[in-house]
Every structure is written in C-alpha cells, then in structure tokens.
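Fold and geometry: a report
What follows is the residue order along each chain.
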Amino acid sequence: MSEFLPASRVTRIKASASVAAAARVRELKAEGVQIIDLTVGEPDFDTPDHIKAAAIEAINRGETKYTSVTGTPELQAAILGKIERDTSHSYGANQLTIGGGAKQVLYVALMASLNAGDEVIVPAPYWVSYPDMVLANDGTPVIVETTEEEGFKLTPWALAKAITPKTKWLILNAPSNPTGAVYSREELQAIGAVLEENPHVFILTDEIYDEVYFGQGRVTSLVTAAPALKDRILLVNGVSKAYAMTGWRLGYGVGPAPLIAAMNKLQSQTSSCPSSISQAAAVAALNGDQSFVRDSVEVYRKRRDAAVEGLNAINGLSVSPAEGAFYAYVNCAGVIGKTAPDGRVIANDQDFTLYLLDAARVAVIQGSAYGLGPYFRISFATSLETINAGVDSIRDAVNALN
Ligand code: PMP
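Residues numbered from 1 in each chain as written. Predicted model: local features only at pLDDT ≥ 70, side-chain atom pairs only at ≥ 80, totals over all residues.

Section: the overall build of the protein chain
How we decide: Going along the chain from the N terminus, every DSSP run of H or I of four or more residues is numbered as a helix, and every run of E of two or more is numbered as a strand. Our radius of gyration is a C-alpha quantity, and the globule rule it is checked against amounts to 2.2 Å times the number of residues to the power 0.38. Exposure classes come from backbone-placed C-beta atoms, where a residue is buried if 20 or more other C-beta atoms lie within 10 Å of its own, exposed if 12 or fewer do, and partly exposed in between.
A count of helical and extended segments in the protein chain gives 14 helices and 12 strands. In terms of C-alpha radius of gyration, the protein chain reaches 21 Å, essentially the compact-globule figure of 21 Å for 402 residues. Considering only C-alpha atoms, the protein chain reaches an extent of 60 × 60 × 55 Å along its principal axes. Relative to its full complement of 402 residues, the protein chain shows a buried share of 50%.

If you want it as structure tokens, here you go:
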C-alpha cells in the first residue's frame, strides 16, 4: 500500500495548541488523574433556554434543509441589525458572509485573498490559530511583538515599521485572546491613521469577545473609530462566546462586497451553508433577551478579580486585570531559571507549564504558544472554586521552586 503524504499546506502548520491542551487534559482525566483545568477556551455556561427552544422549534417546523450560502433572511437581518447597533454602520446583504464559527470565516477570508508570499501582520501575543491559518493559505505571517508595558497592544509605530508592499492584511483582535487587551477609540484612530497612509492593507478585526467586556459602554470597533477604512475592514464575529454557543458553530463577517463575494464563492463550494438549526438559534440569540450576556459578564468579572488577586500574591508571578474576554496572561519571568524539587530547571514558560501539570495538576497554556513569553494563559471560563483551587496549587508549586 502506498504511503499517504499530506499536502504541504498541512505539513507547514501545527495543530491548535489550545485544542491539543484540551485533548491532553481529557486524556489525563480519562486515566483517572484529577486535573484542575484552566485551559478552557469556551464559556462554561449552558446555552440559554430561549435559544435552545428556538432551535427545537426550527426542527419541528421543518427548517432542516440547505439555506442560501449567506443564511436565512432572518439571520441576515439579525446580524446586520447587531452590526448597525454596535458600529453605527449599515451593511447590505452583499456585504455579509456566514460560516461554521468565526474560525471558519477567518480561514475563508485568508483563503479568498492570499497569494503566495502575501504578508499578514499578526501582533503577538496572538490567538494561536492566526499564523497557521495564514501559512495554510500560502501567506507569510509577520509577527509583531507587543509589550506588557504597552498593554499588549500594537502601537502605530510598530505597525508602520511592519508594513511592506507585500502586506495584505493586519489582524486585530480585541478583546484579545490571550491577554484581554482592548483598544481605546484614540488608540484605534492612531492605528487608523497609519492604515490610511497604506491603502493596500486590509484589516481583519476579530471581535468574537466583544460582549465579554468589563469596561464602561461597549468595545469600540475599528470601523467606528476610523470610518474612512470601512471598505478595507472585514469585521468578524459570531455567537460562540457571548451566548455560550461554541458547539453550534455559527460565525459571520461583514466587509467590502468584492471580498465577501470571493468568500461566498468559496463557501458555496465548501460548506454550502452553516447548519440551518444553528442559524435559527443564532437569530434568537442576537434578537432575543440579552440578560444572559450581562449576567455572565458579571460572573466572569468576579472570577477575573479572584484570579488576578490570587496570582499577584504569588512570588514570581504578576498579572494585570484583563479588560475583556475570559483569560489572564500571567507573567512568569520570576520563576524562570529556578529548580524544581525533582531537579529539573525551569528554562522557559513551556517548562513551567509542564511542571505545573506534573507537580500541581493544574493545566494552563504556555505563552510561547501565543508568540510571547515568558507568560502563561489561564482561563476563567470555569467555576470560582476551580480557579481558587488552581491558584492555591500554583502557589504551592511555585513555593517549592528553588
Ligand atoms: N477568534 C478568537 C480570538 C477566539 O478565541 C476564538 C475561539 N477560541 C475564535 C475566533 C473562534 O470562535 P468560533 O467558535 O466562532 O469559531
């Protein structure tokens, strides 16, 4: 039998680090090992009942067939309504694309736009999937490191330096996974000014955590802060995080009609459309009662505060409170170089997270997976008890280092 050889687009990428971490935790749990799991990348709440009911009603009404590539008219209206409420910009149905999660929409955007050698600017720390998605679609990720002092945010200067004639996209993600960073309107305007001088650059704004925000009012979108860029912005969002609907797989994007047409053409040849049942559920999520969103943000806020307070009390670790999303990006420079009781030296954040898994039975994800060390990411999309138990175990493990 001849050996199967995967395509080069597969061999040049790696599997998602967070998906891999989740798989490792599941494996250990299956072996009977008690793990305090702080890797979770999805809300721990159940999908609200009125959303589930809408899906069940859709099934009973027989809405179980293909829809248009861009979804049912009800879903289109619900998405375009949300975008207009949030950004004060209206988009037409020819400026809308939908897919199996924001992740798939992002992938199709790159697939529809990149030619070999095109560059995509990705500020680090980044969501693990961006560089690999770029590589899989023949592009070149250009990683621009941010600093903790600058709140892990891309500065206009760093952006200007990174842009070349080959730059196709800038990817901006706020609230950020893994840091929770959110850009102010002024910061977005300053970035927008650089982009206005570089009309060949398109901007992908990943706003999947827009509803998980701990500040006043709403997160500002780049299209609101810099409306002159509207024809170059693809705004991506979905229902996964705001409505605890990660398994329903429904995401969307709005942007310039020619890009959207290219994306929808690809979607017509790949997915045809996302699940009709998930579409009905997403309509209920976007148009229905929003109290779940408000209530869950308050729960996340309490957990964030507990995690930040607990971690900052540990010698060698430090973290600032995230402004949004449900993660803390913890600086662990203070433990690098130390020696564990079993003699191993903690040389980097990867060693530290392995040590935490072995010694403290706490699962977190190393900063190197997000392109900036020495840090690790913890998720607070888990119970306060789990967070407190995790922090206690991390403290004991850190205190055992020499
Ligand atoms: N963007 C970011 C920054 C994310 O963290 C995630 C989920 N981990 C996604 C996109 C994908 O979300 P979805 O479930 O809509 O595919």
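A look at the environment of E196
Note the threshold: Placing C-beta atoms from the backbone, we regard two residues as in contact once those atoms come within 7 Å.
For E196, the position within the fold is in helix α8 (residues 185–196). Under the C-beta neighbour-count criterion, E196 is labelled partly exposed, with 13 such atoms within 10 Å. Ignoring anything within four residues of it in the chain, the contact list for E196 reads A228 and L229.

Considerations on the UniProt feature "domain: Aminotransferase class I/classII large" (unreviewed entry) in the protein chain
We count it as follows: UniProt positions are given in the numbering used here, feature names are shortened, and annotations may be inferred rather than shown by experiment.
The UniProt entry lists residues 34–394 under the feature "domain: Aminotransferase class I/classII large" (unreviewed entry), expressed in the numbering used here. Taken end to end, residues 34–394 has its terminal C-alpha atoms 15 Å apart, with 39% of it in helix and 15% in strand.

Notes on the domain arrangement of the protein chain
What counts, and what does not: Throughout the structure description, domain borders are defined by an automatic or database domain assignment.
What the domain assignment reports for the protein chain is domain 1 (8–46 + 292–399) and domain 2 (49–287). Relative placement of domain 1 and domain 2: their C-alpha centres are 26 Å apart. At the junction of the two partners, domain 1 supplies 30 residues and domain 2 supplies 33 residues. Counting residues per element, the ones that place at least two in the side of domain 1 that touches domain 2 are α2 (17–30), α12 (291–312) and β9 (327–331). It is α12 that provides the largest number of residues to the side of domain 1 that touches domain 2, a total of five residues.

Observations concerning helix α4 (residues 73–87)
Heads up, the condition is: Helix span, as expected, comes to 1.5 Å for every residue beyond the first.
The terminal C-alpha atoms of α4, which comprises 15 residues, lie 21 Å apart, in line with the 21 Å expected from a rise of 1.5 Å per residue. Buried positions along α4 lie against β2 (96–99), α9 (222–225), β7 (233–238), β8 (251–254) and α11 (276–287). Just downstream of α4, S88 is the residue with a positive phi angle, here 65°.

Here we look at the pairing of β8
Note the cut-off: For two strands to count as paired, DSSP must find a minimum of two bridges between them.
The alternating pattern of β8 places G251 and G253 on one face and Y252 and V254 on the opposite face, and all of these are buried. Of the strand pairs in this sheet, β2 and β8 are connected by four bridges, and their pairing is antiparallel. The residue bridging T97 from the neighbouring strand is G253, located in β8. Inspection of the sheet shows β7 paired to β8 by four bridges, in the antiparallel sense. Within β8, the position partnered with L235 by the bridge is V254.

Digging into the site of the ligand
Under the convention used in this document: Using the backbone to place each C-beta atom, any residue with that atom within 6 Å of a molecule or strand is considered near it. Three classes are used, and their members are as follows: Ala, Val, Leu, Ile, Met, Phe, Trp, Tyr, Cys and Pro are nonpolar, Asp, Glu, Lys and Arg are charged, and the others, Gly among them, are polar.
Around the ligand, 13 residues are found, and the nearest of them are G101, A102, K103, G238 and S240. In the shell around the ligand, the residues fall into three nonpolar, eight polar and two charged.

Things to note about helix α14 (residues 384–399)
Under the convention used in this document: Note that the arc is computed from the directions linking the helix axis to the C-beta atoms.
Here α14 contains 16 residues, and its C-alpha end-to-end distance of 22 Å stays within 8% of the 22 Å for a straight helix at 1.5 Å per residue. Those residues of α14 that sit buried are I387, G390, V391, I394, A397 and V398. In a view along the axis of α14, the buried residues occupy a sector of 130°, so they form one face of it. Residues of α14 that are exposed and point more than 90 degrees away from the buried face comprise E385 and N399. Close packing links the buried residues of α14 with β1 (36–37), α12, α13 (349–360) and β10 (362–363).

Here's the deal with the packing of α12 against α14
The criterion, for reference: To get an axis, fit a line to the C-alpha atoms, keeping to the stretch in contact for a helix; angles then go from 0 to 180 degrees between the N-to-C directions. Roughly parallel covers angles under 35 degrees, roughly antiparallel covers those over 145, roughly perpendicular covers 65 to 115, and oblique covers all other angles.
Packing of α12 against α14 brings their axes to within 10 Å, and their N-to-C directions diverge by 10°. Judged by the angle between their axes, α12 and α14 are roughly parallel. Residues K302, R303, A306, A307, G310 and L311 of α12 form the contact with α14, whose participating residues are L384, I387, N388 and V391. Each residue belonging to the contact of α12 with α14 can be placed in one class, and the counts come to six nonpolar, two polar and two charged.

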